[in-house]
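# Report on the structure
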Amino acid sequence: MDIDVLGPLVARQGGASVVPTAAKPRKVLAMLTVHADQVVPMASLFEELWGEDIPRSANTTVQTYILHLRNLIGAALNQSPADGPTDAKRVLVTYPGGYLLDTMGGRVDVREFDRLAALGHRAREMGDYDIASRHFTDALVIWRGRALVDVQTGPLLEVESHRLEEARLNVLDRRIDADLRLGRHHELLGELAGLVGRYRTHEGLHAHLMLALYRSGRRGEAIDVYRRMRTGLVNELGLEPSPSLRRLQHAILMSDRRLAEVGTEAAALDRAG
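Residues numbered from 1 in each chain as written. Predicted model: local features only at pLDDT ≥ 70, side-chain atom pairs only at ≥ 80, totals over all residues. Heavy atoms only, no water.

### A word on the packing of helix H5 (residues 129-141) against helix H6 (residues 155-181)
Keep this limit in mind: Comment: axis = line fitted to C-alpha atoms, over the contacting stretch for helices; angle = value between 0 and 180 degrees taken between N-to-C directions. Secondary structure counts use DSSP, requiring at least four H or I residues in a row for a helix and at least two E residues in a row for a strand, with both numbered from the N terminus. In a left-handed crossing the near helix is turned counterclockwise from the far helix by less than a right angle, and in a right-handed crossing that turn is clockwise. Should any heavy atoms of two residues lie within 4.5 Å, those residues are considered in contact. Any residue that is not Ala, Val, Leu, Ile, Met, Phe, Trp, Tyr, Cys, Pro, Asp, Glu, Lys or Arg is counted as polar, Gly included; the first ten are nonpolar and the last four charged.
H6 packs onto H5 with a crossing angle of 150° between their chain directions and a minimal axis gap of 9 Å. For the pair H5 and H6, the sense of crossing is left-handed. Here H5 contributes Tyr-129, Ser-133, Phe-136, Thr-137, Ala-139 and Leu-140 to the contact with H6, which in turn contributes Arg-168, Val-171, Leu-172, Arg-174, Arg-175, Ala-178, Asp-179 and Arg-181. The residue inventory of the contact of H5 with H6, partitioned by class, reads 7 nonpolar, 2 polar and 5 charged.

If you want it as structure tokens, here you go:
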């Protein structure tokens, strides 16, 4: 089975979709897909579907949703070549206390994202920023929108969606860092301007934009970015910018020569004092 959760939910068996249209069976499938090849306990399904208000009929209702999913999988299997599984119960497997969705070696977009991100982090640690940028870019291309964007997420899926978004932002931050180290500050300006408008309190993205503007000869605009960032932090979160961001602002005001050195990043100010 091939699974995509980095955007709209997609689950295909032999090329045929097995995603139900009804909200709660769709939510059950989402729980099984984000934990593909792992047993999802019934208690987790209950919490995702009903929160703390679990009905007496919960067991029977979940079994009905599982039967519906197996019917979809079974219909897909009937269209598949005979060398694959023929029984839906071998794909959506019952275990004591829960269920497991067996991908049988199929493609899972989260795993591909994690694989490419790991390659990017490894290349970055070795100082190969060009290769790192390529791997990070390939990882980000996999995303087709917010994770599980077409699923009515409950408490557990909401946490998982947030975790995946944080992972995406981390890879995006590292990709931009690699591009800045490669001297691509001019090319980054438009992208970064859009990102800081969307993530108004993300200090890393603002630091990248400040550095890109400074290296592009736009020191005044870099300082304006800091001022807007500080206003947003104070008004929305009641916080002051971090010491590292304040050091970057001071370095820009002082035209610190280290900021112009391609191959470095803003964090170098922390290491150099």
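The structure having been displayed, the exposition proceeds.
### Points about helix H8 (residues 203-215)
Rule in force here: The span expected for a helix works out to 1.5 Å for each residue beyond the first. Exposure categories follow from relative accessible area, calculated using a 1.4 Å probe and restricted to protein chains: below 20% of the type maximum is buried, above 50% is exposed, and the middle band is partly exposed.
Taking 1.5 Å per residue, 13 residues should reach 18 Å; H8 reaches 18 Å between its end C-alpha atoms and fits that length. Extensive coverage of H8 is indicated by the burial of 11 of its 13 residues. Listed as buried for H8 are Leu-205, His-206, Ala-207, His-208, Leu-209, Met-210, Leu-211, Ala-212, Leu-213, Tyr-214 and Arg-215. Contacts made by the buried residues of H8 are with H6, helix H7 (185-198), helix H9 (219-237) and helix H10 (243-253). Directly after H8, the chain includes Gly-217, whose backbone phi takes a positive value near 80°.

### Here's the deal with the packing of helix H2 (residues 42-50) against H6
For the record, the criterion: Any angle that falls under 35 degrees is termed roughly parallel, while one over 145 is termed roughly antiparallel, one within 65 to 115 roughly perpendicular, and all others oblique.
Axis separation between H2 and H6 bottoms out at 6 Å; the angle between their running directions is 90°. With respect to each other, H2 and H6 are oriented roughly perpendicular. Residues Ser-44, Glu-47 and Glu-48 of H2 touch H6, and the partners they reach there are Pro-155, Leu-156 and Leu-157. When the residues that make up the contact of H2 with H6 are grouped by side-chain class, the tally is 3 nonpolar, 1 polar and 2 charged.

### Points about the pairing of strand S5 (residues 92-95)
To keep it simple, the criterion reads: In this description, strands pair whenever DSSP reports at least two bridges between them.
As paired elements, S5 and strand S6 (residues 98-101) share 4 bridges and run antiparallel to each other. Residue pairing across strands places Val-93 opposite Leu-100, the latter belonging to S6. Between the antiparallel neighbours S5 and S6 lie 2 residues, among them Gly-97 with a positive phi of about 85°.

### Some remarks on the sheet that holds strand S1 (residues 2-4)
One open sheet holds the 3 strands; their spatial order is S1-S2-S3, and the pairing between them is antiparallel. The strands lining the two open edges of the sheet, one partner per strand, are S1 and strand S3 (16-17). Pairing geometry for S1 and strand S2 (residues 10-13), over 3 bridges, is antiparallel. Note on S2: the bridge partner recorded for Ile-3 is Ala-11.

### Details of the environment of Gln-152
Within the fold, Gln-152 resides in the loop between H5 and H6. Its relative accessible area of 58% is what places Gln-152 among the exposed residues. Along the chain, Gln-152 and Lys-27 lie 125 residues apart, while their C-alpha atoms are 6.8 Å from each other. When sequence neighbours within four positions are dropped, the list of residues in contact with Gln-152 reads Ala-23, Lys-27 and Glu-48.

### Describing the packing of aromatic side chains
This is how the line gets drawn: Note on aromatic contacts: the rings of Phe and Tyr and the six-membered ring of Trp form a pair at centre separations within 6.5 Å, being stacked when their planes are under 30 degrees apart, edge-to-face when over 60 apart, and tilted otherwise.
As enumerated under the stated definition, the model contains 2 aromatic pairs in all. Here the aromatic rings of Phe-46 and Trp-50 are separated by 6.1 Å at their centres, their planes lie at 50°, and the arrangement is tilted. On the criterion of helical spacing, the pair formed by Phe-46 and Trp-50 is a turn pair, its members being 4 residues apart in helix H2. For Trp-50, a relative accessible area of 17% corresponds to the buried category.

### Overview of unusual backbone geometry
Phi at Asp-37 is positive, roughly 65°, even though this residue is not glycine. By secondary structure assignment, the location of Asp-37 is in the loop between helix H1 (23-34) and strand S4 (39-41).

### Things to note about the pattern of salt bridges
Note the following rule: Any carboxyl oxygen of Asp or Glu within 4 Å of a side-chain nitrogen of Lys or Arg constitutes a salt bridge here.
Per the counting criterion, the structure on display carries 20 salt bridges. Notably, a salt bridge pairs Arg-174 with Asp-173, separated by 2.5 Å at the nearest N-O pair. The exposure classification of Arg-174 matches that of Asp-173, with both residues buried. Across the salt bridge formed by Asp-177 and Arg-181, the nearest N and O atoms sit 3.1 Å from each other. Of this pair, Asp-177 and Arg-181 both sit in helix H6, 4 residues apart, which is roughly one turn of the helix. In this structure Arg-181 comes out as buried when scored by relative accessible area, which is 10%. Counted as one network, the salt bridges with shared partners bring together Asp-130, Arg-134, Arg-175, Asp-179, Arg-184 and Glu-191.

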